[in-house]
Amino acid sequence: MAGTARRRDGHVTQERMLEEAMTAIAEDGLASLTMSALAERLGTSGGHILYYFGSKDLLLLAALRWSEAALAEERRTLLGRRVTAERKLDLFLKLYLPRGPRDPRWTLWIELWARTAGNDALREAQVELDRGWQEDLEALLATGVARRRFAPLDTATRASELLALLDGLSTRVVLGQDAGAALEVARSAAGTLIPPYVPEDSGGR
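Residues numbered from 1 in each chain as written. Predicted model: local features only at pLDDT ≥ 70, side-chain atom pairs only at ≥ 80, totals over all residues. Heavy atoms only, no water.

Caption draft 1: Region of interest: helix α9 (residues 155–174). Taking 1.5 Å per residue as the helical rise, α9 with its 20 residues ought to reach 28 Å, and the 28 Å between its terminal C-alpha atoms agrees with that figure. Along α9, the residues that are buried comprise Ala159, Leu162, Leu163, Leu166, Asp167, Leu169, Ser170, Val173 and Val174. Among the residues of α9, the N-terminal cap falls to Asp154, whose side-chain oxygen and the backbone nitrogen of Ala156 are separated by 3.2 Å. Just past α9, the residue Gly176 takes up positive phi, approximately 125 degrees. (Helix = DSSP H or I, 4+ residues; strand = E, 2+ residues; numbered from the N terminus. Expected span 1.5 Å × (residues − 1). Buried < 20%, exposed > 50% of the residue type's maximum accessible area, 1.4 Å probe, protein only. Polar contact = N/O pair within 3.5 Å; in protein donor to acceptor, adjacent residues only side chain to side chain.)

Caption draft 2: Here's a closer look at the packing of helix α6 (residues 85–96) against helix α10 (residues 179–193). Between α6 and α10, the least distance of the axes is 10 Å, while the angle of their chain directions is 140 degrees. Classed by the angle they form, the pair α6 and α10 counts as oblique. As for the relative orientation of α6 and α10, their crossing is right-handed in sense. Between α6 and α10, the contacting residues are Leu89, Asp90, Leu93 and Lys94 on the first element and Leu183, Ala186, Arg187 and Ala190 on the second. Looking at the contact of α6 with α10 residue by residue, the classes come out as five nonpolar, no polar and three charged. (Axes fitted to C-alpha atoms, helices over the stretch in contact; angles between N-to-C directions. Parallel < 35°, antiparallel > 145°, perpendicular 65-115°, else oblique. Left-handed = near helix turned anticlockwise from the far one by under 90°. Contact = heavy atoms within 4.5 Å. Nonpolar A, V, L, I, M, F, W, Y, C, P; charged D, E, K, R; others polar.)

Caption draft 3: A look at unusual backbone geometry. A positive phi is found at Arg148, a non-glycine position, where the angle reads about 60 degrees. The residue Arg148 is located in the loop between α8 (120–146) and α9 in this model.

Caption draft 4: Molecular detail of the packing of aromatic side chains. Overall, the coordinates contain six aromatic pairs when judged by the stated rule. Here the aromatic rings of Tyr51 and Tyr52 are separated by 5.1 Å at their centres, their planes lie at 85 degrees, and the arrangement is edge-to-face. The residue whose ring lies beneath Arg75 is Trp133, and the NZ or CZ to ring-centre distance is 4.2 Å. We note Arg105 situated over the ring of Tyr96; from NZ or CZ to the ring centre the distance is 5.7 Å. (Phe/Tyr/Trp six-rings, centres within 6.5 Å; stacked < 30°, edge-to-face > 60°. Lys NZ or Arg CZ within 6 Å of the ring centre and 35° of its normal.)

Caption draft 5: Local environment of the packing of helix α5 (residues 56–79) against helix α7 (residues 104–115). In contact at an axis separation of 10 Å, α5 and α7 are set at 130 degrees when each is read in the N-to-C sense. Between α5 and α7, the angle falls in the class oblique. Seen along the crossing, α5 lies across α7 with a hand that is left-handed. Seen from α5, the contacting residues are Asp57, Leu60, Leu61, Ala63, Leu64, Ser67, Glu68 and Leu71; seen from α7, they are Arg105, Leu108, Trp109, Glu111, Leu112 and Arg115. Tallied by class, residues from the contact of α5 with α7 come to eight nonpolar, one polar and five charged.

Caption draft 6: Main features of the side chain of Thr116. As for its placement among the helices and strands, Thr116 is situated in the loop between α7 and α8. Classification of Thr116 as buried rests on a relative accessible area of 11%. In this structure the side chain of Thr116 is engaged in a polar contact, spanning 2.9 Å, whose partner is the backbone oxygen of Trp113. Setting aside its immediate chain neighbours within four residues, Thr116 contacts Leu122, Arg123 and Gln126.

Caption draft 7: Up close: α6. Taking 1.5 Å as the rise per residue, α6 with 12 residues should run 16 Å; its terminal C-alpha atoms sit 16 Å apart, in good agreement. Summarising burial for α6: nine of the 12 residues are buried, a large majority. Every buried residue of α6 is listed here: Ala85, Lys88, Leu89, Asp90, Leu91, Phe92, Leu93, Leu95 and Tyr96. Looking at the buried side of α6, the elements it contacts are α5, α7, α8, α9 and α10.

Written as structure tokens, this is what we have:
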């Protein structure tokens, strides 16, 4: 019976823990998230959560990976949409930026950034998750260039520059800046970094 219960508690229970952790962060902030507080919300024990994740750092990393996996699916859907490259880029900006100061994903990112210097596992995870955004944005820009919606450009460099700017704007939103204002700044910066395609002058013919 014990083995059956453990199998029944497997993946679904872990996902429920991650979902509840993200909800708790959105409602009360990261500082209030402890193993005991999360266990109380779930009606279980802190030891049960530790059984699956081992530590709070690993729980937070798992929650971030879970959140990013959902966003990766949204990016794939976005890249496959039959809309202009300009529209896709605008939707990409909205998807990347936090929705407000209590955005749990961005709260987690900022917390984990502060911990990566002394933690190889966190640093490797950051690089892996960042790579997904970079590669998808490069693909979006390359398609826009190929279809003459964007001017010819170094897609890897421009994607990296735009993502760095979005990181800075996202941090400001988490610290209290208006999310709508941040989106407008992002749009303006994207227009500068990724100019539209302009046909060569035909000489008046």
